[in-house]
Amino acid sequence: MEVKNALRDKVISSICTMDVRMLDTLLPDDGRFENTYKEVWLAKLVSFFKACKMIGDTSLTVHDGQCAARNSCSCRQHLWIFKAEKTDKRFAIYFNMEGDEIKAVHRCFGYHHSDKEVPHLEDVFDYEAFYVHEHEKIGFINSYELDELRKNVKLFLTDMRTPRWDSMPVIDIKRILRKYSNLYIDVVDTHHLFEHKSDLLNIYEDLLNIKNIFTQRKSFELVVAKCNELMDSYEVKSKTKVLKWFLRNKKKVSNYLIFFNTIDVEEDRTWFFYRIGNREHRWIINHPDINLDVEACILLQTYIIPFYDYLQNEYVKENTFMAHVDSEGMLYDYFKDKMEHVMEPCEEWIYSR
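Predicted model, so just to flag it, every value in this text is computed and none were measured. (Residues numbered from 1 in each chain as written. Predicted model: local features only at pLDDT ≥ 70, side-chain atom pairs only at ≥ 80, totals over all residues. Heavy atoms only, no water.)

**A word on the packing of aromatic side chains**
Okay, step 1: Scanning all chains against the criterion turns up 24 aromatic pairs.
Okay, step 2: For the pair F109 and Y131, a centre-to-centre distance of 6.0 Å together with 10° between the ring planes defines the contact as stacked. You can see F109 sitting in the loop between β5 (101–108) and α4 (144–161) and its partner Y131 sitting in the loop between β5 and α4, a full 22 residues away along the chain.
Okay, step 3: Pairing W271 with F273 gives two aromatic rings, centres 6.4 Å apart and planes at 10°, and the pair type is stacked.
Okay, step 4: Taking relative accessible area as the criterion, F273 reaches 22% and is therefore assigned partly exposed.
Okay, step 5: By way of ring pairs, the aromatic residues F33, W41, F48, F49, F82, F91 and F130 are connected into one cluster.
Okay, step 6: Lying across the ring of F130, R107 places its NZ or CZ 4.3 Å from the centre. (Phe/Tyr/Trp six-rings, centres within 6.5 Å; stacked < 30°, edge-to-face > 60°. Helix = DSSP H or I, 4+ residues; strand = E, 2+ residues; numbered from the N terminus. Buried < 20%, exposed > 50% of the residue type's maximum accessible area, 1.4 Å probe, protein only. Lys NZ or Arg CZ within 6 Å of the ring centre and 35° of its normal.)

Below you can see the structure in the form of structure tokens.
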């Protein structure tokens with residue numbers, strides 16, 4: 001059990017009450033905070049607190065926990081996990097203490113989620129409250145290549161905000177994907193975390209999958225047919241059979257799933273809602289020559305994505321030495337003979353969301 005410390009407990013309390021002035025007083029000026037300076041770290045908290053208050057969160061909840069030594073962290077530390085309930089964002093930290101003094105605050109990205117907070121397989125929703133980027137860390141040495149990459153990402157996002165994209169035909173999605181394909185590859189290849197990196201990756205990959213819906217018609221129609229078969233399955237045996245198909249063909253189906261943002265489908269047009277930072281934007285994609293099966297598209301987004309998420313999470317919980325699924329067939333091999341038993345708790349979780 002963690003030993004109580006008055007200073008640390010005051011810091012925890014001040015984070016919960018969003019009291020930045022008190023944090024500035026309590027935290028040491030020469031400390032390290034996620035390997036950056038105090039003023040940088042506090043600025044991150046200020047921005048997060050402002051975003052919380054805009055949605056209606058006036059305080060954070062906190063509970064202690066333990067690093068699960070998975071995802072992207074293996075610190076194995078005892079943690080304090082803060083959460084904004086309405087914003088549904090959180091972060092976990094631990095302290096480096098020297099006697100009664102705080103020397104550093106570190107971040108953990110491998111903490112447990114509760115059963116009703118299964119993290120999405122493809123990080124559909126980013127639960128983390130904020131990030132300290134590489135160029136903000138102490139000792140970071142910038143490079144011309146990284147500087148240019150960051151500038152180009154900002155140009156991409158400026159293009160995505162441009163009003164002319166409010167309504168577009170499918171062919172314009174292809175043009176955008178071609179225009180920024182090299183930038184996407186460069187961003188994927190860099191190991192540095194920088195501002196708006198995830199925004200570009202999320203938007204580009206969702207646009208790619210939207211394009212697949214309209215260009216890979218034969219393959220997508222097969223997925224749609226399986227969606228309709230699933231909706232028409234009322235017996236456990238027939239439903240299990242279809243869900244096994246979705247599990248066995250997860251790679252193919254994932255080409256048509258919008259993992260990071262959201263879509264609202266009509267027969268002849270599709271609304272694409274995407275986020276840049278904390279602001280939401282939208283496109284209307286017109287496709288009068290291609291009629292989509294609205295119910296099947298809804299099922300893909302609201303049932304199949306969480307179906308994959310749930311099984312992934314159950315797999316990791318039951319195989320704690322695995323941080324992720326290494327091969328395409330792992331989930332299928334593991335659950336193919338357990339599907340009937342897993343289906344009921346899976347659906348309970350999906351419909352409770």
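**Considering the packing of helix α5 (residues 170–179) against helix α7 (residues 197–215)**
The packing of two helices is summarised by the inter-axis angle and the distance between the axes.
Okay, step 1: At their nearest, the axes of α5 and α7 sit 10 Å apart, and the two run at 135° to each other. Of the possible angle classes, the one that applies to α5 and α7 is oblique. Crossing of α5 over α7 shows left-handed handedness. Counting all contacts with α5, which are made through V170, I173, K174, I176 and L177, the residues of α7 involved are Y204, L207, L208, I210, K211, F214 and T215.
Okay, step 2: In terms of residue class, the contact of α5 with α7 is made up of nine nonpolar, one polar and two charged. (Axes fitted to C-alpha atoms, helices over the stretch in contact; angles between N-to-C directions. Parallel < 35°, antiparallel > 145°, perpendicular 65-115°, else oblique. Left-handed = near helix turned anticlockwise from the far one by under 90°. Contact = heavy atoms within 4.5 Å. Nonpolar A, V, L, I, M, F, W, Y, C, P; charged D, E, K, R; others polar.)

**Some details on the nonpolar core**
Okay, step 1: Counting residues in hydrophobic clusters, the biggest one holds 69 residues, and the most contacted among them are M160, F246, V253, F272, L300 and F307.
Okay, step 2: Top element by residues in this core is helix α11 (residues 294–318). It accounts for twelve residues.
Okay, step 3: Not counting chain neighbours up to four residues away, the residues in contact with V253 comprise V223, W245, F246, L300, I304 and Y308. (Core = buried A, V, L, I, M, F, W, Y, C linked by side-chain atoms within 4.5 Å.)

**Concerning the pairing of strand β9 (residues 279–286)**
Okay, step 1: When strand β6 (residues 167–169) meets β9, the two strands line up parallel, connected through three bridges. Paired with M168 across the strands is I285, a residue of β9.
Okay, step 2: Two elements, strand β8 (residues 269–276) and β9, share eight bridges in a ladder whose sense is antiparallel. From the neighbouring strand, T270 faces β9, where its bridge partner is I285. (Pairing = 2+ DSSP bridges.)

**A short note on the sheet that holds β6**
Okay, step 1: Taken in spatial order, the four strands make up an open sheet running β6-β9-β8-β7, and their pairing is mixed. Both outer strands of the open sheet, β6 and β7 (262–265), are each paired with one neighbouring strand and no more. Sheet twist, expressed as the average angle between the axes of neighbouring strands with direction ignored, equals 25°.
Okay, step 2: Bridging between β7 and β8 involves four bridges; their strand directions are antiparallel.

**Things to note about the pattern of salt bridges**
Side chains that carry opposite charge are capable of pairing whenever their charged atoms lie near each other.
Okay, step 1: As enumerated under the stated definition, the model contains 20 salt bridges in all.
Okay, step 2: A salt bridge links D159 to K179, with the nearest nitrogen and oxygen atoms 3.1 Å apart. Of the two residues, D159 is situated in helix α4 and K179 in helix α5; the sequence distance between them amounts to 20 residues.
Okay, step 3: When salt bridges that share partners are traced, they join K83, E85, D88 and R90 into one network. (Salt bridge = Lys/Arg side-chain N within 4 Å of Asp/Glu carboxyl O.)

**Here's the deal with the confidence of the model for the chain**
Okay, step 1: When pLDDT is averaged along the chain, the result is 87; 90% of the residues meet or exceed 70.
Okay, step 2: In the model of the chain, β6 stands out as the element of lowest mean pLDDT, 83, in contrast to helix α8 (residues 217–231), which has the highest, 96.
Okay, step 3: Confidence drops under pLDDT 50 across residues 114–125; counting only partners more than four residues distant or on other chains, this segment forms 34 contacts. (pLDDT = per-residue confidence, 0-100.)

**Comments concerning the sheet that holds β5**
Hydrogen bonds between backbone atoms are what pair the strands of a sheet, whose relative direction is either parallel or antiparallel.
Okay, step 1: The five strands are arranged β1-β5-β4-β3-β2 in an open sheet whose pairing can be described as mixed. The open sheet has two edge strands, β1 (32–33) and β2 (61–66), and neither has a second partner.
Okay, step 2: The sheet contact formed by strand β4 (residues 89–98) and β5 spans seven bridges and is antiparallel. Its bridge partner being in β5, F95 is matched across the sheet by V105.
Okay, step 3: On top of the sheet, helix α3 (residues 38–55) reaches β1, β3 (78–84), β4 and β5; it is set at about 150° to β4, its chief contact.

**Quick word on helix α1 (residues 6–16)**
Because an α-helix packs 3.6 residues into every turn, residues spaced three or four apart end up facing the same way.
Okay, step 1: Buried within α1 we find R8, V11, I12, S14, I15 and C16.
Okay, step 2: Packed against the buried residues of α1 are α2 (20–26), α3, β2, β3, β4 and β5.
Okay, step 3: Capping of α1 at its N-terminal end is provided by N5; its side-chain oxygen lies 3.1 Å from the backbone amide nitrogen of L7.
Okay, step 4: Downstream of α1 by one or two residues, M18 has phi in the positive range, about 60°. (Polar contact = N/O pair within 3.5 Å; in protein donor to acceptor, adjacent residues only side chain to side chain.)

**Some details on the side chain of E128**
Okay, step 1: Looking at the element boundaries, E128 is found in the loop between β5 and α4.
Okay, step 2: For E128, a relative accessible area of 9% puts it in the buried group.
Okay, step 3: Residues within four places of E128 in sequence aside, it is in contact with K89, R90, F91, R107, F109 and Y111.

**Remarks on helix α9 (residues 236–248)**
Okay, step 1: In this model α9 runs 18 Å from its N-terminal to its C-terminal C-alpha over 13 residues, within 8% of the 18 Å that 1.5 Å per residue would give.
Okay, step 2: Three or more residues of α9 are buried, namely K239, T240, V242, L243, W245, F246 and L247.
Okay, step 3: Where the residues of α9 are buried, they touch α8, α10 (250–253), α11, α12 (330–335) and α13 (339–352). (Expected span 1.5 Å × (residues − 1).)

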